[in-house]
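Inside the fold
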Amino acid sequence: MDTNAVNPCDGEDKPERGVPATILAAARANLLFRSRWAEVNGALGDLGTYIPIIMALALAKDLDLGTTLVFTGVYNIITGVIYGVPMPVQPMKSIAAVAISTSSFGVPEIMAAGICTSAVVFLLGATRLMELAYKFIPLPVVRGIQLAQGLSFAMTAVKYVRYDQDLAKGKASGDRRWMGLDGLVLAIAATVFVVIVNGAGEAAEQAEQVIHEQGGGRRRAKSWRKVIFSVPSAVIVFVLGIILAIIRKPGVVKELKAGPSHIHVVKISKHAWKEGFIKGAVPQLPLSVLNSVIAVCKLTTDLFPDKVASATSVSITVGLMNLVGCWFGAMPCCHGAGGLAGQYKFGGRSGACVALLGAAKLAVGLVLGGSLLRLLVEFPVGLLGVLLLFAGVELAMAARDMSSKAESFVMLICAAVSLVGSSAALGFVCGILVHVLVVLRRLLTADRNM
């Protein structure tokens, strides 16, 4: 055999054949399960945010749940393949809040707001202006936005646990009873269970260490730790909620109907475009830029140093999702640092986590369509509060890496203004101003001492 023979694949065709193979290999690597149960558990870590908002809009505004499930399921799968991390797909919260609180803000206005917001985010990404913002916005300001969003989630979660909720109106309807299928005792027990299993977030890492320990005696002595750390806490809490929902209203099973929702193009009038942009897109844009792109990219770098999620790519995926789905009535969605933190908290470590969630959403949306809402209405809201609580705390804990008193000062000012003013944009502006003042003071002090 001639060892100097040229392989046919070594010619000019190799790059052309290599590109699809490289893409396929990257997709497979991004969808690789790091730990089967941990990834399944992590997939449910974001439902404390997703379900209440979607339920509220479906009840109050007749948003088609089946269509939203189908499109967000596809979004989850695609983002899992692209990024290889548990990149979440969450409803745009500011638009949802406006829709719930404004009677004249219906589905056409919601979709117009989503399209306008996404068009701006897409353009910022396509022109690489978002990348510039990502590089030049000070880290303490980003951490302040994350801290405020995390604490906001946690406080909302406590309200879900403490008070009965009228999700369609976005208001509490009275103190929650201690006992019952959605009582305080149930929520407290679920919280204790999650803390025991997941601790402060180190459970997954400890599980991996236990699995790789060598030595028979040592391994047997710590086998119980391996079992505890491997328990899928979020899965158990969610399945318990489904069971309790059926127990609360057994007839709900008969109300479920097979088949997907009828997908149609939403007609958006000139008035709807105007209302959607002014009332929905304008307040949503700062939150989308800061929390859905900048904060998500920072948190991805923190949690997954070996993965790349650029501000440009995240902006483009946020834009494309809604520039397609909103025309058909799917809830405007974005990525969110809170969802990423929640899925990481419960064990999500790869794109397989969100791809699995997406496949489940897609399957349920095609099989049950909008009729699933009848079951979700009976789901114990207190248990959703438990999932949301840990997602919020995990996001807020990203702010623990401030290395100086000055950085912590800027971060806390930004977070406080964001929380009190209920505006990430206002907190961002104040954070930037305080950061500039601190830097100027430092320069003036340095010049004076020279």
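Residues numbered from 1 in each chain as written. Predicted model: local features only at pLDDT ≥ 70, side-chain atom pairs only at ≥ 80, totals over all residues. Heavy atoms only, no water.

It is worth spelling out the environment of Ile-278 at this point. With respect to the helices and strands, Ile-278 occurs in helix H15 (residues 270-303). The class of Ile-278 is partly exposed, set by a relative accessible area of 47%. With 162 residues separating them along the chain, Ile-278 and Cys-116 place their C-alpha atoms 9.9 Å apart. (Helix = DSSP H or I, 4+ residues; strand = E, 2+ residues; numbered from the N terminus. Buried < 20%, exposed > 50% of the residue type's maximum accessible area, 1.4 Å probe, protein only.)

All right, on to helix H17 (residues 337-345) then. For H17, the buried fraction is high: 9 of the 9 residues fall into the buried class. Where H17 terminates, the next one or two residues include Gly-347, which has phi positive at roughly 115°.

Approximately 1,200 Å³ is the volume found for the largest pocket. Contributing to the lining of the largest pocket are 37 residues, with Lys-93, Ala-97, Gln-149, Ser-152 and Thr-156 lying nearest its centre. At the level of secondary structure, the elements contributing two or more residues to the lining of the largest pocket comprise helix H3 (47-61), helix H5 (93-101), helix H8 (139-162), strand S3 (171-175), H15, helix H21 (405-421) and helix H22 (424-449). At 9 residues, H8 tops the list of elements feeding residues into the lining of the largest pocket. Looking at the lining of the largest pocket residue by residue, the class counts come to 21 nonpolar, 12 polar and 4 charged. Computed from the structure, the second largest pocket encloses a volume of approximately 400 Å³. Lining the second largest pocket we find 19 residues, and of these Leu-47, Phe-238, Leu-357, Ala-360 and Val-364 sit closest to its centre. Of all the elements in the fold, those that place two or more residues in the lining of the second largest pocket are helix H2 (36-43), H3, helix H4 (65-83), helix H13 (233-248), helix H18 (351-367) and helix H19 (373-376). Per-element tally for the lining of the second largest pocket: the top contributor is H18, with 5 residues. (1 Å grid on protein atoms, 1.4 Å probe; cavity = no way out; pocket = protein on both sides within 12 Å on 5 of 7 lines; lining within 4 Å. Points joined across faces, edges and corners; volume = space filled by probe spheres on them. Nonpolar A, V, L, I, M, F, W, Y, C, P; charged D, E, K, R; others polar.)

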